[in-house]
Amino acid sequence: MNPHSDWEAVRLSISLALISTSILILLGTPLAWWLSRTKIKFRPVIEALVAMPLVLPPTVLGFYLLLALGPESPIGRLVSSLGGSQLTFSFTGLVIGSVIYSLPFVVHPLRDAFQAVSKQSLEAAAVLGAAPRDRFFSVAVPLAKPGFLTAAVLGFAHTIGEFGVVLMIGGNIPGKTRVLSIAIFDHVEGLAYGRAHWLSGSMMIMSFLILVVVYSKNRSWAGGRL
Amino acid sequence: MTLFASFDCNLGSFRLVTELQVPGRGVSALIGPSGCGKTSLLRAIAGLDRHQNGYVKVEDEIWQDKKFFVPVHKRALGYVFQNANLFPHMSVSDNLKYGLKRTDESRRTVSFDNAVELMSLESLLARSTCDLSGGEKQRVAMARALLSGPRLLLWDEPLASLDTESKAEILPFLASVPKELGLPVLFVSHSSDEVARLADNLIIMADGRIVGTGPVSEMLTRLDLPLSHQEDAEALVVATVAGFDEVDHLTTLQFNGGKILVTGTGLAQGSQVRLRIQARDVSLTLEPQSGTSILNVLPVTITEIATENDAQYLVRLDCNGTPLLSRVSHRSVRKLELVTGKKVYAQVKSIAVLS
């Protein structure tokens, strides 16, 4: 393996994390808002589904994703009938897997931040003429700002670090699905400890720096938790 | 601009059954014991809570009926909450502009500068809302509500969470808003002092029902209503400053029942003041006394007598259209042969000048 493939793994991991986090913020925000406000009876069921990736072994999740996204599955058939390429062992498949796997890490901080937005603030906005959507964007989102930062960082970091799900549905195709964590695993397997050190050490330093930034930001914004 | 509202609904522990009409001018105070449904009623009128069997009409505009419900953000009202409820992520100035930006220019009642001046907020505009005092916060909240183009102001105990000092600081602002802008106000209050200073009309609630509604001087003194039977029962007199006695430091106040003297000369000539006269400070005599230290003796007619307790009666008096209350002993009523329609003299021992 040439060092070039290491860079490719890093690039792949970062783009996977960026894309997955963006999708997660877009999907997770309405879901978290709904969870924070709803009084519906089956809410615990939804909460449990969202939290499943926290407790499931990644290989279990990966296994079922592999079956669900495989070429013979209903989803796989639908995609190929629409002219799409295969989902498993592809970057798209990795994105789908990451979004599901990292869902609780984005939804939970957002839900907690939205829950901390008081009903009174929203009522104040309502009596001042703000429609529900307007109240959400002008009051709830700014007040939940620390939650968004936490959610984005956790979602990003968690996607970078995932291994089991990626291995199950993505395999180890250089430039396509061979992400950072898999590259490290390969190096260790091949006893290339120096290369493993180089990648692992950089990840440790990066993670540490990101957390320092988050904690200092959250202090200045107040109310955020990680 | 009259408000008409009626509700018949269950609110958890009690039932709210009300039919209420609020005049299009002046300040109407909604009062009653804690938990009787005042705030619930105010929230229902605002549309913050939606109840079945509700009907709300403001002038010719229906806000709620059986099949129709205007959501709260489309109602032209200025709501002030018990705690100011400012947006913590915005400056004072942005808080004020929040409602303004969402109001059509044609519907605006006051300009930004007007509201700032009315509530004396110039020095606070750039500040963050977190380091304002309780009184300052509530002033910002009042101005913010005015800037959202209201046709009606709803205040939910705006002073309840403030200390005595902040209350005193804010009261003049509350009094000036309806006068300056001519907007009708419906406000929930717990304090007889606020009511005496601000209210023109009273709506008295008990157990989710409205038990009486009318002009404040009448409601305070009606013997069939609870206010006249409180320990500090009082009558309210509106008078005009007519002159001063510089030697004795007295001020003459004119009202439709005659003249009243009060100590001190700090009031402005011609200004209107409210006076509170407590039932316990009024005694009755058949003839005007000459040898007495009491300055204020008013000719009155007894309009009603009710038993207060084993020893005392509560007497309602009419002073040329202005009602007064007096608490007298059973023995005095018997000795002086006090009956309804009798003309007597009210000796007023103490008068509190408000505002």
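As the structure is a prediction and not an experimental result, all values here were calculated from the model. (Residues numbered from 1 in each chain as written. Chains lettered and ligands numbered in written order. Predicted model: local features only at pLDDT ≥ 70, side-chain atom pairs only at ≥ 80, totals over all residues.)

Draft legend 1. Seen up close, the overall build of chain B. Each helix and strand in chain B was counted, giving eight helices and 20 strands. Across its three principal axes, chain B shows a C-alpha extent of roughly 65 × 50 × 35 Å. Per-residue burial over chain B gives 40% buried out of 355 residues. Once local pairs closer than 6 in sequence are excluded, the contacts in chain B between residues at least 24 apart make up 66%. (Helix = DSSP H or I, 4+ residues; strand = E, 2+ residues; numbered from the N terminus. Buried ≥ 20, exposed ≤ 12 C-beta atoms within 10 Å, placed from the backbone. Contact = placed C-beta atoms within 7 Å.)

Draft legend 2. Summary view of the overall build of chain A. What chain A contains, in helices and strands, is eleven helices and zero strands. The order of helices and strands in chain A, counted from the N terminus, is α-α-α-α-α-α-α-α-α-α-α. Burial analysis of chain A (226 residues in total) assigns 36% to the buried set. Within chain A, contacts between residues at least 6 apart in sequence are counted, and of these 74% link residues at least 24 apart.

Draft legend 3. Geometry of the interface of chain A and chain B. The interface is formed by 13 residues belonging to chain A together with 16 residues belonging to chain B. For the side of chain A that touches chain B, the secondary structure elements donating two or more residues are helix H6 (119-127) and helix H7 (132-143) of chain A. The dominant element in the side of chain A that touches chain B, judged by the number of residues it contributes, is H6(A), at six residues. Residues belonging to the side of chain A that touches chain B are distributed by class as follows: nine nonpolar, three polar and one charged. (Nonpolar A, V, L, I, M, F, W, Y, C, P; charged D, E, K, R; others polar.)

Draft legend 4. Structural view of the packing of helix H2 (residues 43-55) of chain A against helix H5 (residues 91-115) of chain A. All names here are of chain A. It is the contact of H2 with H5, at a shortest axis distance of 7 Å, that shows an interaxial angle of 110°. On the basis of the axis angle, H2 is roughly perpendicular to H5. The two elements H2 and H5 meet at a crossing, and its hand is left-handed. Residues Val50, Ala51, Pro53 and Leu54 of H2 lie in contact with H5, whose contacting residues are Ile100, Tyr101, Leu103, Pro104 and Val107. Tallied by class, residues from the contact of H2 with H5 come to nine nonpolar, no polar and no charged. (Axes fitted to C-alpha atoms, helices over the stretch in contact; angles between N-to-C directions. Parallel < 35°, antiparallel > 145°, perpendicular 65-115°, else oblique. Left-handed = near helix turned anticlockwise from the far one by under 90°.)

Draft legend 5. The sheet that holds strand S14 (residues 272-278) of chain B, seen in detail. All names here are of chain B. With antiparallel pairing, the five strands of this open sheet are ordered in space as S13-S12-S11-S14-S20. Every other strand in the sheet has two partners, leaving strand S13 (258-263) and strand S20 (352-354) as the edge strands with one partner each. Neighbour to neighbour, the strand axes of the sheet diverge by 45° on average, direction disregarded. The pairing of strand S12 (residues 250-255) with S13 spans six bridges and is antiparallel. Considered in S13, the bridge of threonine 252 is made with leucine 261. (Pairing = 2+ DSSP bridges.)

Draft legend 6. Broad picture of helix H3 (residues 58-69) of chain A. Residue and element names in this part refer to chain A. Here H3 spans 16 Å end to end across twelve residues, near enough to the 16 Å set by a 1.5 Å rise per residue. Listed as buried for H3 are Leu61, Gly62, Leu65, Leu66 and Leu69. Along the axis of H3, the buried residues cluster in a sector spanning 140°; they form a single face. Buried residues along H3 sit in contact with H2, helix H4 (74-81), H5 and helix H9 (164-170). (Expected span 1.5 Å × (residues − 1). Arc of directions from axis to C-beta.)

Draft legend 7. Here's a closer look at the nonpolar core. Judged by nonpolar contacts, the single largest core of 147 residues is most densely connected at B:Ala29, B:Leu30, B:Ala143 and B:Leu154. Among the elements that line this core, the one with the most residues is H5(A), at eleven residues. Once you skip the residues sitting within four places of it in the chain, B:Leu154 turns out to touch B:Leu42, B:Ile45, B:Ala46, B:Leu77, B:Gly78, B:Tyr79 and B:Leu186. (Core = buried A, V, L, I, M, F, W, Y, C linked by C-beta atoms within 7 Å.)

Draft legend 8. Representation of the domain arrangement of chain B within the structure. Residue and element names in this part refer to chain B. Each assigned domain of chain B is listed here: domain 1 (3-220) and domain 2 (234-354). Spacing between the C-alpha centres of domain 1 and domain 2 amounts to 34 Å. Each partner contributes to the interface: domain 1 provides six residues, whereas domain 2 provides eight residues. Residue assignment for the side of domain 1 that touches domain 2 shows that the elements contributing at least two residues are helix H6 (192-198) and helix H7 (216-221). In terms of residue count, H7 provides more of the side of domain 1 that touches domain 2 than any other element does, four residues in total. Split by residue class, the side of domain 1 that touches domain 2 holds three nonpolar, one polar and two charged. (Domains from an automatic or database assignment.)

Draft legend 9. Summary view of unusual backbone geometry. Residue and element names in this part refer to chain B. You will see that asparagine 85, though not glycine, has its phi angle at about 60°, which is positive. Mapped onto the fold, asparagine 85 is located in the loop between strand S6 (77-80) and helix H2 (92-101). On the basis of neighbour counts, which here come to 22 C-beta atoms within 10 Å, the residue asparagine 85 falls in the buried class. In the Ramachandran plot, asparagine 320 falls in the positive-phi region, its phi being about 50° despite a non-glycine side chain. The residue asparagine 320 is located in the loop between strand S17 (312-319) and strand S18 (322-329) in this model.

Draft legend 10. Layout of the environment of B:Glu169. Relative to the helices and strands, B:Glu169 resides in helix H5 (residues 164-181). Taking the C-alpha atoms as reference, B:Glu169 lies 19 Å from B:Val185; in sequence the two are 16 residues apart.

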